Amino acid sequence: MKPAKPNPEPARIPLLSEIPVASSNQLCPGCLLSVTSLSVDDVSSILRLATELESEQPELRARRLAHRRIALLFYESSTRTRTSFELAAKGLGADTALISSQSSSIEKGESLKDTGITLRALGAECIILRHLSSGAPYLLAKVTGLPVLNAGDGMHEHPSQALLDVRTMIQALARPEDVPGGNLLSGVKVVITGDILHSRVARSNALLLPKLGARVILCGPPALLPEVAEELGPGITIERDFDRALGQAEIVMMLRIQRERLAGLHIDLDEYMARYQLNQGRLRSYGPKAIVMHPGPMIRGLEISSEVADGPQSVIALQVRNGVAIRMALIYRALECRRVQPAHKETTKPRFAAKRKRGRA
Amino acid sequence: MTTLLIRGGHLVDPSAGVDANRDLLLKDGRVAAVEPPGKLTAAAKQTSAEVVDAAGFVVAPGLVDIHVHLREPGQGYKETIATGTAAAAAGGFTTVCAMPNTHPVNDSVEITRWMQSADRGPSARVFPIAAATRGSMGEALTEYGSLKAAGAVAVSDDGKPILSEAIMHQALAAAARAGIPVIQHAEDTRLTGGCSMNAGALAFRLGLRGMPVAAESGLVERDIRLLAELRGARAHLHVAHLSTGAALDAVRKARRNGLHVTCEVAPHHFVLTEQAVGEYNTNAKMNPPLRAESDRRAMLEGLLDGSIDCIATDHAPHATHEKEQEFERAPNGITGLESALGLTLDLLHRKHKVSLSRLITLLSTQPASLLSLRGRGSLGTGSFADVVIFDPKAEWVFRAAKTRSKSANTPFDGWNMLGRVQMTISEGRVVYRADA
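Since the model is a prediction, treat every value here as computed from it, not as a measurement.

**Thoughts on the overall build of chain B**
Next up, step 1: Helix and strand content of chain B: 13 helices and 21 strands.
Next up, step 2: Taken against the 2.2 N^0.38 rule, which gives 22 Å for 436 residues, the C-alpha radius of gyration of chain B at 21 Å falls within 12% of a compact globule.
Next up, step 3: Considering only C-alpha atoms, chain B reaches an extent of 65 × 45 × 40 Å along its principal axes.
Next up, step 4: Expressed as a percentage of its 436 residues, the buried residues of chain B come to 63%.
Next up, step 5: Taking the contacts inside chain B whose residues are at least 6 apart along the sequence as the reference set, 74% of them involve residues at least 24 apart.
Next up, step 6: Only carbon and sulfur atoms are counted for the fraction: they give 48% of the accessible area of chain B, which is about 15,700 Å².

**Here we look at the interface of chain B and chain A**
Next up, step 1: Listed by partner, the interface residues are 15 residues for chain B and 26 residues for chain A.
Next up, step 2: For the chain B and chain A pair, buried surface summed over both sides reaches about 1,700 Å², with 61% attributable to carbon and sulfur atoms.
Next up, step 3: A salt bridge links E324 of chain B to K113 of chain A; the nearest nitrogen and oxygen atoms lie 2.6 Å apart.
Next up, step 4: Linking chain B with chain A are seven residue pairs in polar contact (both at pLDDT 80 or more), by the criterion used here.
Next up, step 5: Its residues placed into classes, the side of chain B that touches chain A shows six nonpolar, three polar and six charged.

**Observations concerning the sheet that holds strand β17 (residues 261-265) of chain B**
All names here are of chain B.
Next up, step 1: Spatially, six strands are ordered β11-β12-β13-β16-β17-β18 in an open sheet, and the strand pairing comes out parallel. Edge positions in the open sheet fall to β11 (130-131) and β18 (310-311), since each of these has one partner strand only.
Next up, step 2: Along the sheet, helix α5 (residues 165-178) contacts β12 (155-156), β13 (182-184) and β16 (237-239); its crossing angle with β13, the most-contacted strand, is approximately 145°.

**Here's the deal with the environment of L237 of chain B**
Residue and element names in this part refer to chain B.
Next up, step 1: Of note, L237 is situated in strand β16.
Next up, step 2: Owing to a relative accessible area of 0%, L237 belongs among the buried residues under this scheme.
Next up, step 3: The sequence separation of L237 and I183 amounts to 54 residues, and the corresponding C-alpha distance is 6.2 Å.
Next up, step 4: If near-sequence neighbours (up to four positions away) are discounted, L237 is found in contact with M168, L172, V182, Q184, D223, I224, L227, H260, V261 and T262.

**Regarding the sheet that holds strand β8 (residues 251-254) of chain A**
All names here are of chain A.
Next up, step 1: Strand order in the open sheet formed by five strands is β7-β6-β5-β8-β9, and the pairing between neighbours is parallel. The open sheet has two free edges, formed respectively by β7 (236-238) and β9 (291-293), since each of these has just one partner strand. Neighbour-to-neighbour, the strand axes of this sheet turn through a mean angle of 20°, independent of strand direction.
Next up, step 2: Sheet topology note: the β8/β9 ladder contains three bridges and is parallel. Of the residues in β9, the one forming a bridge with M253 is M293.
Next up, step 3: Contacts between helix α7 (residues 200-208) and the sheet are confined to β5 (189-193), β6 (215-219), β7 and β8, with β5 contributing the most and set at about 160° to the helix.

**Observations concerning the pattern of salt bridges**
Next up, step 1: A full pass over the atoms with the stated rule returns 32 salt bridges over all chains.
Next up, step 2: One continuous salt-bridge network, built from bridges that share partners, spans D346, R350, K351 and E395 of chain B.

**Structural notes on helix α3 (residues 80-91) of chain A**
Residue and element names in this part refer to chain A.
Next up, step 1: A rise of 1.5 Å per residue sets the reference length of α3, with its twelve residues, at 16 Å; its end C-alpha atoms lie 16 Å apart and thus fit the reference within 8%.
Next up, step 2: Inspection of α3 places T81, S84, F85, E86, A88, A89 and G91 among the buried residues, and these make up the whole buried set.
Next up, step 3: In the segment just after α3, G93 is the residue with positive phi, at about 90°.

**A word on the nonpolar core**
Next up, step 1: Residues L73 of chain A together with Y144 and F270 of chain B are the most contacted members of the largest nonpolar core, which totals 126 residues.
Next up, step 2: Sorting elements by how many residues they give to this core places α5 of chain B first, with nine residues.
Next up, step 3: Among the domains, domain 1 (4-59 + 384-400 + 412-433) and domain 2 (62-370) of chain B are the pair contributing at least three residues each to this core.
Next up, step 4: If near-sequence neighbours (up to four positions away) are discounted, F270 of chain B is found in contact with V265, R296, M299, L300, L303, I311, T344, L347 and L348 of chain B.
Next up, step 5: One finds C126, A162, L207 and V216 of chain A within the second-largest nonpolar core, a separate group that totals 66 residues.

About the cut-offs
Residues numbered from 1 in each chain as written. Chains lettered and ligands numbered in written order. Predicted model: local features only at pLDDT ≥ 70, side-chain atom pairs only at ≥ 80, totals over all residues. Heavy atoms only, no water. Helix = DSSP H or I, 4+ residues; strand = E, 2+ residues; numbered from the N terminus. Rg over C-alpha atoms; globule rule 2.2 N^0.38 Å. Buried < 20%, exposed > 50% of the residue type's maximum accessible area, 1.4 Å probe, protein only. Contact = heavy atoms within 4.5 Å. Areas by Shrake-Rupley, 256 points an atom, 1.4 Å probe, with all protein chains shown as cover. Buried area = accessible area lost by both parts, 1.4 Å probe. Salt bridge = Lys/Arg side-chain N within 4 Å of Asp/Glu carboxyl O. Polar contact = N/O pair within 3.5 Å; in protein donor to acceptor, adjacent residues only side chain to side chain. Nonpolar A, V, L, I, M, F, W, Y, C, P; charged D, E, K, R; others polar. Pairing = 2+ DSSP bridges. Axes fitted to C-alpha atoms, helices over the stretch in contact; angles between N-to-C directions. Expected span 1.5 Å × (residues − 1). Core = buried A, V, L, I, M, F, W, Y, C linked by side-chain atoms within 4.5 Å. Domains from an automatic or database assignment.

This is the structure in structure tokens:
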């Protein structure tokens, strides 16, 4: 943690007695662990907040969470997610500390629970977690009582990615951000193609988009897209023929084959590319107007060709940019939720009372 | 040895066909007499017996659990034989059969004897189940004859299935010669690598790799084929903790064909489904995993129609720090000795109208006879004085914090239970008494 800068207010190091003890199963309301916990109204308010924060003057914005402490706990490598969470936190004025599994006591065998408790004792008010193991954020949220933001857990979910994808879709389709009833993407057909089985991005999008009125068409070979994927929720169908799927789509989202998670599964890449690669020829024939998305990292020449990734239909860079705005909103929501509706009333109230005045602009 | 008169209770002893009010005289660790109410009073006075008033309660042969993990030797921080059998006594069990996945693995006469020593401070009779192969490595058979002579009642590599056909074939043949069953943990581990729950829609949504039903049923079918090849050798295959309808169908079919196949089911497999995993609850993680509702119903049907021989808990204690981990990293297993009777009475007796006699058959008579535990699972004259006295109508709430086990890894914390154990007597000794 960076030492707190000279500040009109005293340094915010909580006394040990003030640190809430993890006892109940109740998760802090500022958590975002799965998109399934988000109502349509939640999504709308996150989108509005993202826009509000993004358009705010940087100096004003930097006062919102001035010197509040946020820990970025990364058990897996990341470029986009880590950087955008970090920039988002810093944009709001927060102090951030990055802990990665390779250069911390995690290497010495410290458990996730103890790592979380240590970060809380160091004053972290929110932990952003990327972990190899599905469900790890639930454990961290339970044992720390802190708001935890899931920055990708195993094959489970990547909720902030789904939200930034929603924002990108709305912008690319030139739809209003505010629709009564929350049908932000009503009637929109989104094709998600590739390694669905191992993709947390696919799960979060497939669970979230239908809530907002979209239809999700999953596409890929049976080894990477089991039939059971259709049972994720309503509004999801499987189409094995990519050309046919592309023909119906307003939006096509391509996914990387996750070699690190294949676990002995053998995929014939030549055949895969012939059937599922999004290249210029295929896009021109079947999706001349489709918006092209990719959560990254891309393997150019495998699931997507360079011409398509860099082409006029691609909004991949816009997705990355939206990551900062969405993550500002999520961090702000995490800390504000904690303030307004503390999970541990008796201990958290006095800690934040002094801050309340300069919270909202 | 003290003499005990249990008076005024309703005796349920399926082995003797008794389901009526009877008094019971226990003497020198054995059942001395069973008579209609009042007839033993004089005899009891002569021997100055302690009198236990069991009016309104069921008196039954002590429950027999043929599948527990007592963790000793080697993992005393999870459980010891003393704490595990104390939990057993609190749950009404007087006999437990301890699996060999200890540290070191119980593949020897020495450990088999060590586990049965009075120095362990047991509150219930412990019968070891010895490893079927050396170190449970699945490569070379252990000495079944001498293990049996030392007290082992079966062989198993529980937790590690015997995958090799040749070894399983040898094991079944050797166990038949020794007159004991081979207990198989039926899981084709070639299909379950990296898996931590049941395969299906929920596993897909949670991003967890799932164990397919076929991993269990496939191995049960394979073992039954091997058993058929040994026809005439009197080999006995016992399938541990059955969890799928497909595997149960294979068992039913084999029995129709005259093969000696038996099976057990754990309470959690007929009470819970995979939905209990919820938000990665590691106390709902075990192997075999909680299955779909259709499989849970199949387990219930198997219990109702008699194709499942007995209920066994697969009591598997783990320390808090082991269960407080990422779901995929947390060890498999839950404790079960103290909740088995309460769950079974509630679901099978109250909800599904299974008679008490049938229930005691599943929890005591049949498990005892399945492993040839002579004098157990029965209250006939001359049997061991192993008795459970319970109030079949008492409703209570199970609290994991109050467990007698060293571990509290149970998904049933806070659950309503039916039927409260009032007293447990092991070989004439009162080993559990409910708080007044």
